[in-house]
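# Structural characterization, general
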Amino acid sequence: QEAAELEQWLADGFRFDVVAHSMGGLMARYFLRYGAQDLPADGSLPKVTWAGAEWIDRMVLVGTPNLGAMESLQTLIEGFSPGLFLPHFDAAVLGTMPSIYQLLPRGGQGLVVDEDGKQLDVDPRDPALWRDNGWGLAAPGSERYVDWLLPDLEPAERRERALAVQAAHLERARRFHAALDQDPGTPCPAEMRLFAADTLPTLARMRLVRRGERLVPSFSGADLREFGDGTVTRYSALADRGFGTGAASGWLDGPVRWTGVTFLPDDHIGLTRNPLFTDNLLFHLLQQAPLRR
């Protein structure tokens, strides 16, 4: 009976308001553009149909890395230590998780620099970059984790499989980004609002240091940081593609046309429990009539 009532409620034309934090915002944006359609198997980009707008009235993104987060690249290369008394997660283990790759920053925005701070034309999603320089699943010492993950294969096969998996995840991330970034051709039917922070130094760039034949990444230094929420930079949350290109006009240049943007002085997780966020969100959802009826 409850299911029948819900079906009738949907049939009457009701839509949902979606509030999505961090990577949840990327998933919500993809659904809004393409509905349940996956990335095409032939490598092409899906056509923006706004299929998800049939179900969504208003979308609120909170601290979403709309142009990626450099912290995800650092995690995939160095691993992750959540706390002093908690176990370290090796890069080879994290490298098997496709979702982390989908948080990688884009290429072409001057986010990779050399030892002198000069911008390098490097795409962090290039599989050859990872393979040739021993990053992630290709890193020296990752064999013991790969052996544990793929015990039924011969050692040589394990490495080739690991590198193939890494390349596949990087390629899917690139296509996922392209699908989110492409010009939709028509205006978004749903309202799009953003809550973000821009008061904390946040990792925005990677420095590459030449060591013999390898490029070794470094993520330390105040010059590698921009303001954000400690995890997601301001420019990424705004989806401002003009950042770092030298062609910034002062106006936002990105794939999202925001209905409204609110900045708060907090960190990535703190945004979700900030009372100013709660107050403004509830007013927007409960007392402001949606643009569509």
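These notes cover the structure that comes with them. All figures in this text were calculated on a predicted structure; none of them were measured in a lab.

What follows concerns the nonpolar core. Counting residues in hydrophobic clusters, the biggest one holds 60 residues, and the most contacted among them are Leu32, Leu73, Trp130 and Met206. In contact with leucine 73, not counting residues within four places along its chain, are Leu104, Pro105, Pro124, Trp130, Met206 and Phe219. One finds Val60, Phe195, Leu264 and Phe277 within the second-largest nonpolar core, a separate group that totals nine residues.

Before going further, it helps to spend a moment on the environment of glutamate 191. For glutamate 191, the position within the fold is in strand S4 (residues 191-196). For glutamate 191 and leucine 150, which are 41 residues apart along the polypeptide, the C-alpha to C-alpha distance reads 46 Å. If we ignore the near neighbours within four places in the chain, the residues touching glutamate 191 are Asp57, Arg58, Met59, Thr259, His284, Ala289, Pro290 and Leu291.

Unlike most non-glycine residues, serine 22 shows phi in positive territory, near 55°. The topology assignment puts serine 22 in the loop between strand S1 (16-21) and helix H2 (23-34).

The next subject is the packing of aromatic side chains. Counting across every chain of the model gives six aromatic pairs. On the basis of an interplanar angle of 70° and a centroid distance of 5.7 Å, the ring pair of tryptophan 130 and tryptophan 135 is categorised as edge-to-face. Given a relative accessible area of 2%, tryptophan 135 falls into the buried group. Summarising the aromatic geometry, the rings of phenylalanine 195 and phenylalanine 277 are spaced 5.0 Å apart at their centres and angled 85° between planes, so their arrangement reads as edge-to-face. Here phenylalanine 195 is found in strand S4, whereas its partner phenylalanine 277 is found in helix H11 (residues 275-286), with 82 residues between them in sequence.

You can see histidine 268 is positioned in the loop between strand S9 (260-263) and helix H10 (270-273). Here the side chain of histidine 268 touches aspartate 229 through a polar contact of 2.9 Å, side chain to side chain. Discounting chain neighbours no more than four positions away, the residues touching histidine 268 are His21, Ser22, Gly63, Asp229, Thr231 and Val232.

Parameters at a glance
- Residues numbered from 1 in each chain as written.
- Predicted model: local features only at pLDDT ≥ 70, side-chain atom pairs only at ≥ 80, totals over all residues.
- Heavy atoms only, no water.
- Core = buried A, V, L, I, M, F, W, Y, C linked by side-chain atoms within 4.5 Å.
- Buried < 20%, exposed > 50% of the residue type's maximum accessible area, 1.4 Å probe, protein only.
- Contact = heavy atoms within 4.5 Å.
- Helix = DSSP H or I, 4+ residues; strand = E, 2+ residues; numbered from the N terminus.
- Phe/Tyr/Trp six-rings, centres within 6.5 Å; stacked < 30°, edge-to-face > 60°.
- Polar contact = N/O pair within 3.5 Å; in protein donor to acceptor, adjacent residues only side chain to side chain.

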